[in-house]
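# Tertiary structure, described
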Amino acid sequence: MARAGTNLRTSYLESNEVLRRPYQKVLVGLILVAAVLLPGGSSDYFLHLINLCLLACIGALGLMMLTGFCGQISLGHAAFLAIGAFTTVILTVHLKLPFIVVVPAAAVTGAMIGFLVGLPSLRFRGVYLAISTLAMHYAIIFVATTYQAKFSASASAGITIPDPTIGPLKISGAPTWYYFLLVLLTFITIGCVNLVRTRPGRAWMAIRDRDIAAEALGINLTRYKLLAFMLSATLASVSGSLMAYYSNVVTVEAYTLDLAVIYVAMIIVGGMGSILGGLMGAFFITLLPYGIEHLFEFLPRAWRFGSTVFGVQVGAVGVCIILFLLLEPKGLAEIWRRTETYFDRWPFRYRPLDTTRR
Amino acid sequence: MEFVATVVILTCTYALLAAGIVILYKAGRVVNFAHGEIAIVGGYVFYSSGMMFSGGEMSPWLAVLGAIVFSVIMGAFIYATMMRRVVGEPFYVAILVTVGIAIVLKSAIIVIWRAQHLTIDVGIAPAIRLAGGATLSYMDVASVALTIAFFIALYLFFTFTRLGVQFRGTAENPLLASQRGVNVNLVLSLAWIIAVLAATLSGVLYGGRAFLSTESVTIGLAGLTAALVGGLDSLRGAVIGAFVVALAQYLTVRLIDPVLSEALPFLILLVVMSIRPWGLFGTVEELDRV
Amino acid sequence: MQKKFVFRGLAAATIAACLAGFSPAQAQDAYKIGYITDLSGPLASSYTPTWEGFELYIKALNDRGGIGGKKVDVVLDDDGLKADRAVAAAKKQTERDNVLGIFGLSLSSTQGPVYAEMRKIGVPVITTFSGILDALPPAQPFSYSTGVVFEVAGDAIGELIQNIKKGGKVVGMTIDSVGGRAALAHNKKLVLAAGGQWDEVIFPVATSDFTPFAQAANEKKPDIVVGHYGSGQNLGVIPALRRSGYTGPYVVASYGVTEDTIRAAAQRAGSGDNIFYVSRYSSAFDKNPSVAEVAAAQKKYGTSKPFSSMHVTGWALGKFAEEALKKCGWPCTRDKLDKIVQTLKVDMGGLTGGPIEMVAGDGYGPTYWRLYAWNAKSNEMEPKSGWVKREAKGYK
């Protein structure tokens, strides 16, 4: 029976399969079909929100690789996003380079900065590393502010970026962006999934679980830690660059420490060490403020304005971080897995071995 | 003269914050990222409780009472509901919980106090005239005195009281301490209460000289820098670290470029961490335990 | 187990609630316009009274029977001074609420993206604050402003402070923002042109202890100090300057600074002498029928913030909106509204020095500025000069 087969593996290759259960293939197929059809039945506003989610997903996957898999905590993710955005500004405004060159260039710049920011990780662990990324955040943002204030042409408005074109195709408007981002995110996700089940991913997880033991196993700590930082910064930089094109405006004020914390919230809520979790967390945290805003629309008018809504929106992220860390440390991904297992085992309530919590 | 006064007052604000961060680190190996938020919320509570019954006139005694009640409840609450549960979890859990607390407190400022810019008007009348026309207020003088009093009280507490000794024991080895009959929960919640109290005091001083707003929570980062520069597990280091940060900040504003002063604590941090990561007075092996 | 169950339930409920929130809105028989501003972010203390002024006008208008029997319905959204939220709100308002135009908006960083996004769909945007250069000639389509543009304000202040002291040394202070720097640059140009000397102190955005910066400014031995920033900074800088020993003239540029802020700052500084204020719109203390009308509405409907020139600013925008919608007629469309606004001239009475007058290719028009001085005895604002006119041309 299919059911019995889900946990019974008869070869090592089988344990490498990404979609282990038959219905998972169907489900992924259905989600993809639904994703392709989505713009047909939804408003531009809704698509705009989904686009924001997709952009956040790219950045969140980057952070997930670094923190969720390699165990290196980083509060510098907003700075990585800013690197992408400002590389885009410099290349499009001063050098007038096309989209197809700018985004890869942003990725490369991101990788280089990631390498630099990753260097302290060779010396520090844990809290000290988190603080050194914080220092890097301020250094990078300082440079970006100086650039924007002194060298940008348009005075007080932030820097305008034109809509991107790939050959004859102009990427503009929510549906076009949606398809573009969807395809890109699909490729990035597949890449990440494959990365974590091959050598680098396993090395990262070994480092995360116990770096000294990993080193004893012959894993080159320097190399894999830096690789994680570079990959993380690359993805964030690509996300930042696309965000710049998407919103047509870059301004350094958007890249605050709060933004970095929001990305951390995404991977916590999604579930550390899970690609699916990264995606779920990005969607959840991005939509959360808008959801709260809509909830407030049911309340009397006096409650809706003034600072209450915004305060609650801000606070909700914090509450999510605390609640998930304390009560559901493996995040939404774990909730999803339990739900899956429950239906998989139905009508029995046996607890399969691999879902036992620590 | 003016220069000395400004640096000394800034040092006091940062030293109180850094002391709280050090106490928490010693007690539970937790680096508190919410310290700036706690300080500012403490300042807001001080203001609101002082204003509560007096209709426009600040009542200092009520304000102090309010601040103390806030510290006890806040400290005990954070420890009992959150930090007690993260013992034994991966290191990042504790840090990120404090980041979560920071966000919630920030939203409290927005929801409860409408993100209002507040200044605490206790004794702001000019008290001392310095050469060159500058003035110091009673608040400024009191803030220095209070900070010194706080550190002396802290020293006496850790050296001479039974609880203080138990605290040091717990910091050294919590397991052994609890086996020898120390009430670890009591000691750790006390650490949180003291830290919140110090932060509140610092927030009040800051609100007296500058103003309280959602932006001013960044003093927490200056406090954190001060603690790291001095060494995360050294109270003496906290004061020296605070002095280094305050002095460097002031000199940058006056001599180099005012705009740099925001990034400056972190530049100091990068330098200190690459040369002497355990700080000026920290213990070397501490770093490996992180 | 129980606890986990509760938590899971909570999580499920939140997700469900978030999804359930997206429901379509229904059409109404009224002029529907959007208003987006910062009601909760760092600059809420400036933008809230402006919104309140606008709301007062619309309330009074609807009580009069609206425009040709049709009420004006304002959809309000808060952007928290964040560009992405402002854009999302603008998209929501144009799609779900189907608004004719968008009014208000907060700082320049949110205006740019909203202007750019609305230009694509063809929705007129009329801002009322530190409007960016988009609306100035040669103006971008669909971009208008009835507010304060940093560059223009810098010039107006440079001109008006000559009334306090001709020549002399002026020290400009601002936060390290692009708009602040732009204002300083223009202020500097006019001061130098008038034969004065110039120096400046720029501090980081998140500063809240201004003592060292004020000392740095005082050390430059200024004859006049000008502050190009909002309420919060003034609240900190004025006492810090006085504490550092500087007792000379201090000029507040009215980027959303209310009279109440100045009163509080003066009280904290121990003295309200020598504080000046440059404003595009009339102060709430002005004695003229137009301002009295705003004050009467404020008494009638009430506001959460003390009556200030920011209410006057919002009221002026309301007046502008009424005139535009009236000319547009019923039914009004976005394109029609845009055509009307392009060449709209609205008499402002005593709200400012002259009419707001847009012409083709200029979404800003000439503006009028005035110098006020704070009277520490009566705690009121007194005019110290007549209205000075500044043309919108020549800034790009």
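One can find the structure itself at the top, above this paragraph.
We now turn to the structure provided with this report. This structure is a prediction, so every number in the text was calculated from the model and none was measured.

Before going further, it helps to examine the overall build of chain B. The helix and strand inventory of chain B stands at 12 helices and 2 strands. Along its sequence from the N terminus, chain B presents helices and strands in the succession α-α-α-α-β-β-α-α-α-α-α-α-α-α. Over its C-alpha trace chain B gives a radius of gyration of 19 Å, about what one expects of a compact globule, namely 19 Å for 290 residues. With the C-alpha coordinates aligned to their principal axes, the bounding extent of chain B is approximately 60 × 50 × 35 Å. Across the 290 residues that make up chain B, the buried fraction comes to 60%. Here the contacts in chain B between residues at least 6 apart in sequence split such that 70% fall between residues at least 24 apart. As displayed, chain B has an accessible area near 11,500 Å², and 69% of this comes from carbon and sulfur atoms. For chain B, the separation between the mean place of its 15 positive charges and that of its 14 negative charges on side chains is 9 Å.

Next up on the list: a nonpolar patch on the surface. All names here are of chain B. On the surface, a cluster of nonpolar side chains totalling about 670 Å² of accessible area is made up of Val 64, Leu 65, Ile 68, Val 69, Val 72, Ile 73, Phe 77 and Leu 197. Counting residues per element, the nonpolar patch draws most heavily on helix H3 (residues 60-82), which supplies 7 residues. Looking at the element boundaries, Ile 73 is found in helix H3. Residue classification places Ile 73 among the exposed positions, given a relative accessible area of 54%.

Tallying the contact residues gives 31 residues for chain B and 28 residues for chain C. A buried area of about 2,500 Å², summed over both sides, lies between chain B and chain C, and 53% of it is on carbon and sulfur atoms. Run the count over chain B and chain C and you get 1 salt bridge. For Arg 254 of chain B, the salt bridge identified is with Glu 219 of chain C, shortest N-O distance 2.2 Å. In this assembly, chain B and chain C are joined by 6 residue pairs in polar contact (both at pLDDT 80 or more). Those elements that place two or more of their residues in the side of chain B that touches chain C are helix H1 (2-28), helix H8 (184-209) and helix H10 (235-256) of chain B. For the side of chain B that touches chain C, the element with the most residues is H8 of chain B, which contributes 4 residues.

Residues and elements named next belong to chain A. One pass over the structure, following the stated rule, counts 25 aromatic pairs over all chains. Look at Phe 86 and Tyr 147: their rings are 5.9 Å apart centre to centre, the planes differ by 90°, and that puts the pair in the edge-to-face class. Of this pair, Phe 86 sits in helix H4 (residues 77-94) while Tyr 147 is found in helix H6 (residues 126-151), placing the two residues 61 residues apart along the sequence. Of the residues examined, Tyr 147 reaches a relative accessible area of 14% and is grouped as buried. An angle of 85° between the planes, with centres 5.3 Å apart, marks the rings of Trp 177 and Tyr 246 as edge-to-face. Placement of Trp 177 in helix H7 (residues 174-196) and of Tyr 246 in helix H10 (residues 221-247) is noted, with a sequence separation of 69 residues between them.

This paragraph deals with the state of the cysteines. Under the definition given, this model contains 1 disulfide over all chains. Through a disulfide, Cys 328 of chain C is tied to Cys 332 of chain C; the S-S separation comes to 2.0 Å. Residues Cys 328 of chain C and Cys 332 of chain C are joined by a disulfide whose S-S torsion is about 90°; by sign, that bridge is right-handed. Here the two residues Cys 328 of chain C and Cys 332 of chain C agree in accessibility, since each one is buried. Looking at Cys 57 of chain A, it has no disulfide partner, and the nearest cysteine sulfur is the one in Cys 53 of chain A, 6.7 Å off.

Residue and element names in this part refer to chain C. In a regular helix each residue adds 1.5 Å, so 13 residues correspond to 18 Å; helix H8 (residues 231-243) covers 19 Å between its end C-alpha atoms and thus fits that length. With 13 of 13 residues buried, H8 is to be regarded as a mostly interior element. Note on H8: the residue one or two positions beyond its end, Gly 245, has a positive phi of about 105°.

Rules behind the numbers
Residues numbered from 1 in each chain as written. Chains lettered and ligands numbered in written order. Predicted model: local features only at pLDDT ≥ 70, side-chain atom pairs only at ≥ 80, totals over all residues. Heavy atoms only, no water. Helix = DSSP H or I, 4+ residues; strand = E, 2+ residues; numbered from the N terminus. Rg over C-alpha atoms; globule rule 2.2 N^0.38 Å. Buried < 20%, exposed > 50% of the residue type's maximum accessible area, 1.4 Å probe, protein only. Contact = heavy atoms within 4.5 Å. Areas by Shrake-Rupley, 256 points an atom, 1.4 Å probe, with all protein chains shown as cover. Lys, Arg positive; Asp, Glu negative; His and termini not counted. Charge placed at Lys NZ, Arg CZ, Asp CG, Glu CD. Patch = residues over 30% accessible without salt bridge, like charges linked within 9 Å, V, L, I, M, F, W, Y side chains within 5 Å. Salt bridge = Lys/Arg side-chain N within 4 Å of Asp/Glu carboxyl O. Buried area = accessible area lost by both parts, 1.4 Å probe. Polar contact = N/O pair within 3.5 Å; in protein donor to acceptor, adjacent residues only side chain to side chain. Phe/Tyr/Trp six-rings, centres within 6.5 Å; stacked < 30°, edge-to-face > 60°. Disulfide = S-S within 2.5 Å. Expected span 1.5 Å × (residues − 1).

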